[in-house]
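Analysis of the macromolecular model
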Amino acid sequence: MLASGAGLAAATLYYAQPMLGELGTDIGATPRSVGMVPTLTQLGYALGILVLAPLGDRYDRRSIIVFKAGALVLALLAAAAAPSMGVLLVASLAIGVLATMAQDIVPAAATLAPEAHRGKVVGTVMTGLLLGILLSRVVSGYVAAHFGWRAMFGVAALSIAVICVASWRGLPRFVPTTQLPYNALLRTLLELWRRHSALRRAALAQGLLSVGFSAFWSTLAVMLHGAPFHLGSAVAGTFGLAGAAGALAAPVAGRLADRYGPEWVSRMGAGIATLSFAAMALMPWMSPHAQLALLAVCAIGFDLGIQTTLIAHQTIVYGIDPAARSRLNAVLFVGMFLGMATGAALGSQLLAAFGWNGVAALATAMAFAALVTRLWRGGMPSPQVA
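Here is what the cut-offs are and how they apply
Residues numbered from 1 in each chain as written. Predicted model: local features only at pLDDT ≥ 70, side-chain atom pairs only at ≥ 80, totals over all residues. Heavy atoms only, no water. Helix = DSSP H or I, 4+ residues; strand = E, 2+ residues; numbered from the N terminus. Buried < 20%, exposed > 50% of the residue type's maximum accessible area, 1.4 Å probe, protein only. Polar contact = N/O pair within 3.5 Å; in protein donor to acceptor, adjacent residues only side chain to side chain. Contact = heavy atoms within 4.5 Å. Axes fitted to C-alpha atoms, helices over the stretch in contact; angles between N-to-C directions. Parallel < 35°, antiparallel > 145°, perpendicular 65-115°, else oblique. Left-handed = near helix turned anticlockwise from the far one by under 90°. Nonpolar A, V, L, I, M, F, W, Y, C, P; charged D, E, K, R; others polar. Patch = residues over 30% accessible without salt bridge, like charges linked within 9 Å, V, L, I, M, F, W, Y side chains within 5 Å. Areas by Shrake-Rupley, 256 points an atom, 1.4 Å probe, with all protein chains shown as cover. Salt bridge = Lys/Arg side-chain N within 4 Å of Asp/Glu carboxyl O. Expected span 1.5 Å × (residues − 1).

Once that is clear, we can look at the side chain of serine 266. Tracing the sequence through the fold places serine 266 in helix 14 (residues 262–278). On the basis of relative accessible area, serine 266 is assigned to the buried category, the value being 0%. A distance of 3.1 Å separates a polar atom in the side chain of serine 266 from a polar atom in the side chain of arginine 374. In contact with serine 266, other than residues within four places in its own chain, are Thr309, Ala312, His313 and Arg374.

What follows covers the packing of helix 1 (residues 2–11) against helix 9 (residues 149–170). At a minimum axis distance of 10 Å, the contact between helix 1 and helix 9 shows a crossing angle of 150°. As far as their axial angle goes, helix 9 and helix 1 are roughly antiparallel. Seen along the crossing, helix 1 lies across helix 9 with a hand that is left-handed. Taking contact as the criterion, the partners of Ser4, Gly5, Leu8 and Ala9 in helix 1 are, on helix 9, Ser159, Ile160 and Ile163. Grouping the amino acids of the contact of helix 1 with helix 9 by side-chain chemistry returns four nonpolar, three polar and no charged.

Our next topic: a nonpolar patch on the surface. A contiguous nonpolar surface patch, about 220 Å² in accessible area, is contributed by Leu43, Leu93 and Leu338. Mapping leucine 338 onto the fold places it in helix 16 (residues 325–354). Relative accessible area serves as the criterion here: at 41%, leucine 338 is assigned to the partly exposed category.

With that settled, consider helix 9. With 22 residues, helix 9 extends 32 Å from end C-alpha to end C-alpha; this agrees with the ideal 32 Å at 1.5 Å per step. Within helix 9, the full set of buried residues consists of Trp149, Met152, Phe153, Ala156, Ala157, Ser159, Ile160, Ile163, Cys164 and Ser167.

Running from N to C, helix 11 (residues 197–225) and helix 14 point in directions that differ by 20°, and their axes come no closer than 11 Å. Here helix 14 runs roughly parallel to helix 11, going by the angle between their axes. Pair helix 11 / helix 14 crosses with left-handed handedness. In contact with Arg201, Leu209, Gly212 and Phe213 of helix 11, helix 14 contributes Glu263, Arg267, Ala273 and Phe277. In terms of residue class, the contact of helix 11 with helix 14 is built from four nonpolar, one polar and three charged.

What follows is about the pattern of salt bridges. As enumerated under the stated definition, the model contains six salt bridges in all. Between arginine 173 and aspartate 60 there is a salt bridge whose closest N-O contact spans 3.1 Å. One end of the pair, arginine 173, is in the loop between helix 9 and helix 10 (182–195); the other, aspartate 60, is in the loop between helix 4 (36–51) and helix 5 (61–80), with 113 residues separating them in the sequence. Looking at aspartate 60, the relative accessible area reads 12%, which means it is buried. Here lysine 68 and aspartate 104 are joined by a salt bridge, their closest N and O atoms 2.8 Å apart. Of the two residues, lysine 68 is situated in helix 5 and aspartate 104 in helix 7 (residues 102–112); the sequence distance between them amounts to 36 residues. Across the pair, exposure class does not vary: lysine 68 and aspartate 104 are buried alike.

Given below as structure tokens:
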């Protein structure tokens, strides 16, 4: 149930991406203004994590999850009925803020898990979350092509309503780990950032990887909609299947983090992502069909690398201070989704100015910077069995 809830909540952040081509045409928006839909959604998610996720240490997580799910249903219905781009942008921001229920679910799983198997359990729940992110594109591309983009937001609202009821009935109550007032709780985020270098490195590296991840996925549908491909939302969404293959490695990454240590796993994941993004530089010398095949292979590779690194980073962060898991998780994911928002904004600008080569260059540079961040304290050590 936790894996399904995390996946369906996170999926609401990405349903719009494969539909941007049709959505822009239907609502009469320019490509650059349409690019603000994923940008505001990611910014909303970062904002929601910053101001709402720390409440999981102060209040019962079950009540927080149920409340956010109910409010998210309303935001999705508002997007489905949006009469103009302005209303859709406001609804997109609200969807981002409220989809942070996924980041209440993951610390809940970490709290319920035995310490010796926390990496495996977090990896299992993250599999649901990551498959929700990646398969959301497949589902939304198909639904938009056959029933319209508004229908997709309606289906999303129904799925979250089901999770709301299931969470209310099935989740246990969680005992708060702190009695700090809200203002003091937010101040501790900065204190945690200053105190723990491991947290800073994890948030920075994951944020850099997220720039490339978001730049790719937020511009893919627009790129495929134009020459030489002229493909619709269904095909753009199908690329999510390639990314999902990489996400299936999340439980394996969790077990590797338990066995060999998350530092080694984070470096391995960042390296895989760098090589996968760099391979897209070969596209100008390939036929259109070969380019599509290469894009699919690269999507498998960089999703595998990025999700592997995320599991390793979560394992590192959750082990810093068990009483502050929601706040530590908030810092990590604020960094990650600031990177997502930056990638969506830069990706649309680079695609308009330099074409797909600009997007590929940005993604490669950011992934390499993340690898350098993980290697900064010296070369990669040989893994030692814990």
